[in-house]
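# Residue-level structural notes
These are the residues of each chain, in order.
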Amino acid sequence: MYRYAQKLHQLLRSLLILSLITATNAQAAQKIDLIIDTDPGADDIVALLFALASPDELNVRALTTVAGNVRLDKTSRNARLAREWAGREEVPVYAGAPKPLMRTPIYAEDIHGKEGLSGIAVHEPRQGLAQGSAITYLIDTLKSARPHSITIAMLGPQTNLALALIQEPGIVQGIKEVVVMGGAHFNGGNITPVAEFNLFADPHAAEVVLKSGVKLTYLPLDVTHKILTSEARLKQIAALNNNAGRLVGDILNEYIKGDMEHYGIPGGPVHDATVVAYLLKPQLFSGRSVNVVVDSREGPTFGQTIVDWYDGLKAPRNAFWVESGDAQGFFDLLVERLARLK
Ligand code: RIB
Ligand code: CA
């Protein structure tokens, strides 16, 4: 009898392990249904090429554009350029908010150039914008989506999603998670001593998204400033010897100058592309669930993200805060994907 029970136990244990492996593989094989909200922007373009070069894992349903690094007409043109360079002109581009919810608009032409694309020449892309605003697209798509099925990558100010949430709070039903490039805690800010640009450009929008209760992950300066270019990494990109490699190399060589000078560091961050790497290979990154509050009061802390890293306040943990990442693993993955493009 005992031997029978032992055999049965072993069989059940094997079945459990097998079912866990199957479930994990199924999860891993499951494509991410993705909307990318973006203000291209030099690092946005790198992120868009990265994502559009990864169709096996990312089903990029649309790009939605917002004013941020430069004005909306230019961020929208640049998003159209990215999909043309990636050979993915079937992906629709919807233009969204031309200005933040409440504050006066700010831009970053000093960093990204007048056309929003440092280091390269731009042209009018072949394919135009999709009909309708990005806010309407987000509302229609998220309202009708399967429950919690769509991931949103936010690479600029969060104005579009905030407007959609204000107009139609029920769209949270369609959102699987929101992954944001933005914020700063340990690192300090890049537009003020405490605020990062995307949050500073529209803190009220970030508050709306935080308060919506969606599953939220932040990739702040804390991690993007640990994933820096270097001579060797720029050589890796140049060695691709394709158009995508040349574009990214030319963009980054110009774009990183500002940060290298400002911080006195040997390389520059590729902020937005870390969001794509996180979606493709989350194991490259580490962080913890924390309580985050955005300061939208006028004053020296406007746009600051206040992170309770040690849970001192015992407040609800409303975001996963990514604090570190594998820099070489990031660049190896980026280069491997850019190699797939023309
Ligand atoms: O602070 C970096 C962020 O601000 C990036 O998204 C960059 O594109 C700018 O929008
Ligand atoms: Ca951006």
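Scroll up to find the structure this text is about.
Scoring rules and cut-offs
- Residues numbered from 1 in each chain as written.
- Chains lettered and ligands numbered in written order.
- Predicted model: local features only at pLDDT ≥ 70, side-chain atom pairs only at ≥ 80, totals over all residues.
- Heavy atoms only, no water.
- Patch = residues over 30% accessible without salt bridge, like charges linked within 9 Å, V, L, I, M, F, W, Y side chains within 5 Å.
- Areas by Shrake-Rupley, 256 points an atom, 1.4 Å probe, with all protein chains shown as cover.
- Salt bridge = Lys/Arg side-chain N within 4 Å of Asp/Glu carboxyl O.
- Helix = DSSP H or I, 4+ residues; strand = E, 2+ residues; numbered from the N terminus.
- Axes fitted to C-alpha atoms, helices over the stretch in contact; angles between N-to-C directions.
- Parallel < 35°, antiparallel > 145°, perpendicular 65-115°, else oblique.
- Left-handed = near helix turned anticlockwise from the far one by under 90°.
- Contact = heavy atoms within 4.5 Å.
- Nonpolar A, V, L, I, M, F, W, Y, C, P; charged D, E, K, R; others polar.
- Buried < 20%, exposed > 50% of the residue type's maximum accessible area, 1.4 Å probe, protein only.
- Donors = N, O, S within 2.8 Å, 3.2 Å for Na, K, Ca; no water.
- Near = heavy atom within 4 Å.
- Polar contact = N/O pair within 3.5 Å; in protein donor to acceptor, adjacent residues only side chain to side chain.
- Phe/Tyr/Trp six-rings, centres within 6.5 Å; stacked < 30°, edge-to-face > 60°.
- Lys NZ or Arg CZ within 6 Å of the ring centre and 35° of its normal.
- Core = buried A, V, L, I, M, F, W, Y, C linked by side-chain atoms within 4.5 Å.

Turning next to a nonpolar patch on the surface. Taken together, Tyr4, Leu8, Leu11, Leu12 and Leu15 make up a surface patch of nonpolar side chains, about 510 Å² in accessible area. As for its placement among the helices and strands, leucine 11 is situated in helix 1 (residues 2-29).

Closest axis-to-axis distance for the helix 6 (residues 159-167)/helix 8 (residues 203-211) pair is 8 Å, and the angle between their directions is 55°. Here helix 6 lies oblique to helix 8, going by the angle between them. With respect to the hand of their crossing, helix 6 and helix 8 are arranged in left-handed fashion. Across from Thr159, Leu161, Ala162, Leu165 and Ile166 in helix 6, the residues of helix 8 making contact are Ala205, Val208 and Val209. Looking at the contact of helix 6 with helix 8 residue by residue, the class counts come to 7 nonpolar, 1 polar and no charged.

This part takes up the environment of isoleucine 139. Tracing the chain through its elements places isoleucine 139 in helix 5 (residues 134-144). Take isoleucine 139: its relative accessible area is 7%, and that puts it in the buried class. Sequence spacing of isoleucine 139 and glycine 170 is 31 residues, and the spatial spacing of their C-alpha atoms is 8.8 Å. Among all residues touching isoleucine 139, those that are not within four sequence positions of it are Ala164, Gln167, Glu168 and Ile171.

This brings us to the coordination of the calcium ion (ligand 2). The calcium ion (ligand 2) binds to the protein through Asp39 (OD), Asp44 (OD), Asp44 (OD), Leu155 (O) and Asp272 (OD); the donor distances cover 2.2 to 2.6 Å. Going along the chain, you hit the donors of the calcium ion (ligand 2) in the pattern D-x4-D-x110-L-x116-D. Of this pair, aspartate 44 sits in helix 2 (residues 42-52) while leucine 155 is found in the loop between strand 4 (150-154) and helix 6, placing the two residues 111 residues apart along the sequence. Aspartate 44 gets classed as buried once you look at its relative accessible area, which sits at 0%.

Around ligand 1, a shell composed of 13 residues is seen, among which Asp43, Leu155, Asn190, Glu196 and Asp272 lie nearest. Between ligand 1 and leucine 155 there is a distance of 2.8 Å, counted from an oxygen atom to a backbone nitrogen or oxygen. The side chain of aspartate 272 places a nitrogen or oxygen atom 2.6 Å from an oxygen atom of ligand 1. Here ligand 1 has 270 Å² of accessible area as a free molecule, and 97% of this is covered by the chains. Mapped by element, the contributors of at least two residues to the shell around ligand 1 are helix 2 and helix 7 (197-201). Broken down by class, the residue content of the shell around ligand 1 amounts to 3 nonpolar, 5 polar and 5 charged.

It is worth spelling out the packing of aromatic side chains at this point. Scanning the model with the defined rule gives 7 aromatic pairs in all. Relative to phenylalanine 330, the ring of phenylalanine 50 lies with its centre 6.2 Å away and its plane at 80°, an arrangement referred to as edge-to-face. Pair noted here: phenylalanine 50 is in helix 2 and phenylalanine 330 is in helix 13 (residues 327-338), with a separation of 280 residues, a long-range link. Phenylalanine 50 gets classed as buried once you look at its relative accessible area, which sits at 0%. Aromatic ring contacts, followed pair by pair, group Phe50, Phe330 and Phe331 into a single cluster. Of note, arginine 103 hangs over the ring of phenylalanine 200, and the distance from its end group to the ring centre comes to 4.8 Å.

Nonpolar side chains tend to gather and get buried jointly when the protein is soluble and globular. Of all hydrophobic cores here, the largest spans 63 residues; its most connected members are Ile36, Phe50, Leu58, Val60, Phe285 and Phe330. With 9 residues, the single largest contributor to this core is helix 2. Judged by nonpolar contacts, the second largest core, of 34 residues, contains Leu165, Ala206, Tyr218 and Trp321.

A few words now on the environment of leucine 279. Tracing the sequence through the fold places leucine 279 in helix 12 (residues 273-280). For the pair leucine 279 and asparagine 69, spaced 210 residues apart in the sequence, the C-alpha separation amounts to 23 Å. Excluding residues within four positions of it along the chain, leucine 279 makes contact with Ile32, Leu34, Leu58, Thr151, Ala153 and Val179.

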